[in-house]
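Understanding the architecture of this molecule
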Amino acid sequence: MPVKGSDADDEGSAKPVEAAAPRAKRRRSQPLKVANQIPQSRRKEIEKALEDTSPTPKKWSRKDGPKYHQFLRKRISPGTVRQIEFDLLDVDIGESWPIPITVVHGARPGPVVTVLGALHGNELVGPLALTYLCGPNFLGEGEAIDPAAMAGTLRIVPVVNLPGYRRQSRYMVDGRDLNRSFPGKPDSNTTSRVAHRLWNKVIKSSDHVIDLHTAAVGRTNMPQIRANLAHRASNRIARAFGIEAILDNEGPKGSLRRLANDSGIGAITYEGGGSNEADPESVQVAIYGVLNVLRSLKVLPGYPSRPRFRILASGSVWIRSDQGGLLDVLTPAGSFVEEGETVATVTDPERPGESYDVLTPTRGLLISTATHPFVNAGTPIGHLLPVTRGIKTLRKRLDPEGCLVTSGSDGDPPWREDEDVEDISVIGEWSGGSPDAEWGRNEESLTDDEAGEADPNWT
Ligand SMILES: [Zn+2]
């Protein structure tokens, strides 16, 4: 992925975050907006969810005094940080796979936010972003995450699927997909046991969950959020993350996000870059987004940054090759492409000199592209959000190569009111029922003994 420069940043002269802060209080109670071009049925669902004013049971009040945080049989004092090990399996002998969890317990009461990386073991953007967040540049006195200035509790889990991470694999050791195994069972297969323990011991007691991912093997994603916008708490943190692309969907069956939503927990998935790589821009955007959510929830002091616009997508268009051969993608993920533009070429080593151009069926934002060069006729090579409105606004955020400069990837963007963010909706539906269904089976080969129960809708 080419480095997206700040040349096209038209917001360089804007005021820094803190300088604009006094404007915040003036309009803070404004209701959340729903883009008016989202399909009517979906729009009604989202509006209904956002209007729901039924009181949620309060576990804490900011007026309460400081309290210990009880987690995994440990007591964590207010205003302190503690490293805890959590065993993925409850055993007396053999592998228990202890994973490190950093718990930052604020001096004042507030929500519990859990941030997860590498639920898929080979998706390294989350582990990198979260390791940085636990490091001295972000965590400590006077830093962005200062326990003495914090309200509520932050649990950071850089690597969830440790066995997969060590084997550089998406899966658990039994070949199953942990993020399709929730809620799991205590007496079933290995992955199911891990899912059950993780859910009950770590996730269930959270108010909000941010789950960091990348695209699966053979493709790459531009930074994007996936969230059920009809789930109130999730809608809030999806917007608070502060980036441009939000894909509205429920999340695959058995995924952590879906179970969290069903249990009343606000949950979003961030996707950026590809597996087995450390795309620095995606890491930077992940850090930026997590801090934005924490500021928005008042866990951290300060005000969240917001993008100039948001694309709220309820559907997409797939770009496929009609010929087989070797693929050369010309427009990277994040490109804004015109109808009929050549996004890739296909050549065939057995037919030198002949090549085939893959054209976009419609204008839009390319949120994901194939990275595996081998294609057959019908192989998806790109995933497009068919943007028809707000083009002028969107163009202002393109770099000279025509790639969207995602907020957070080009330094500090300006602070702005939520109502000043232009919502651009993309109408449609997800082919196959979920944003990634059309990618088909993962290229990462499963050995016979790993065959498991993997789902084709890998994200
Ligand atoms: Zn993933």
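Since we're looking at a predicted model, the values are computed, not measured.

1. With respect to the side chain of Asn-235
- On the secondary structure map, Asn-235 appears in helix α5 (residues 232-240).
- Taking relative accessible area as the criterion, Asn-235 reaches 0% and is therefore assigned buried.
- Among the polar contacts listed, one links the side chain of Asn-235 to the backbone oxygen of Leu-229, at a separation of 2.8 Å.

2. Structural notes on the side chain of Thr-153
- With respect to the helices and strands, the residue Thr-153 is situated in strand β6 (residues 151-157).
- With relative accessibility at 2%, the residue Thr-153 sits in the buried group.

3. Examining the confidence of the model for the protein chain
- Of all residues in the protein chain, 85% have pLDDT values of 70 or greater, and the mean over the chain is 87.
- Predicted confidence is poor over residues 1-32, with pLDDT under 50, and the contacts of this stretch with residues over four places away or in other chains come to 54 contacts.
- Taken as a whole, residues 443-459 scores under 50 in pLDDT and shows 50 contacts with residues more than four places along the chain or in a different chain.

4. A closer look at the pairing of strand β10 (residues 266-273)
- Of all the eight residues making up β10, eight are buried; the element is thus mostly covered by neighbouring parts of the structure.
- In the sheet, strand β7 (residues 208-213) pairs with β10 via six bridges, with the strands oriented parallel. Looking across to β10, one finds that Leu-212 is bridged to Tyr-270.
- The pairing of strand β8 (residues 219-227) with β10 spans four bridges and is antiparallel. Paired with Arg-226 across the bridge in β10 is Thr-269.

5. A closer look at unusual backbone geometry
- A cis amide bond links Phe-182 with the next residue in sequence, Pro-183, at an omega value of 5 degrees.
- You can see Pro-183 is positioned in the loop between α3 (162-166) and α4 (190-203).
- Even without a glycine there, the phi angle at Ala-118 is positive, about 55 degrees.
- By the element assignment, Ala-118 lies in the loop between β5 (108-117) and α2 (125-133).
- A positive phi is found at Lys-298, a non-glycine position, where the angle reads about 65 degrees.
- Looking at the element boundaries, Lys-298 is found in the loop between α7 (280-296) and β11 (309-313).
- Relative accessible area serves as the criterion here: at 31%, Lys-298 is assigned to the partly exposed category.

Rules used throughout
- Residues numbered from 1 in each chain as written.
- Predicted model: local features only at pLDDT ≥ 70, side-chain atom pairs only at ≥ 80, totals over all residues.
- Heavy atoms only, no water.
- Helix = DSSP H or I, 4+ residues; strand = E, 2+ residues; numbered from the N terminus.
- Buried < 20%, exposed > 50% of the residue type's maximum accessible area, 1.4 Å probe, protein only.
- Polar contact = N/O pair within 3.5 Å; in protein donor to acceptor, adjacent residues only side chain to side chain.
- pLDDT = per-residue confidence, 0-100.
- Contact = heavy atoms within 4.5 Å.
- Pairing = 2+ DSSP bridges.

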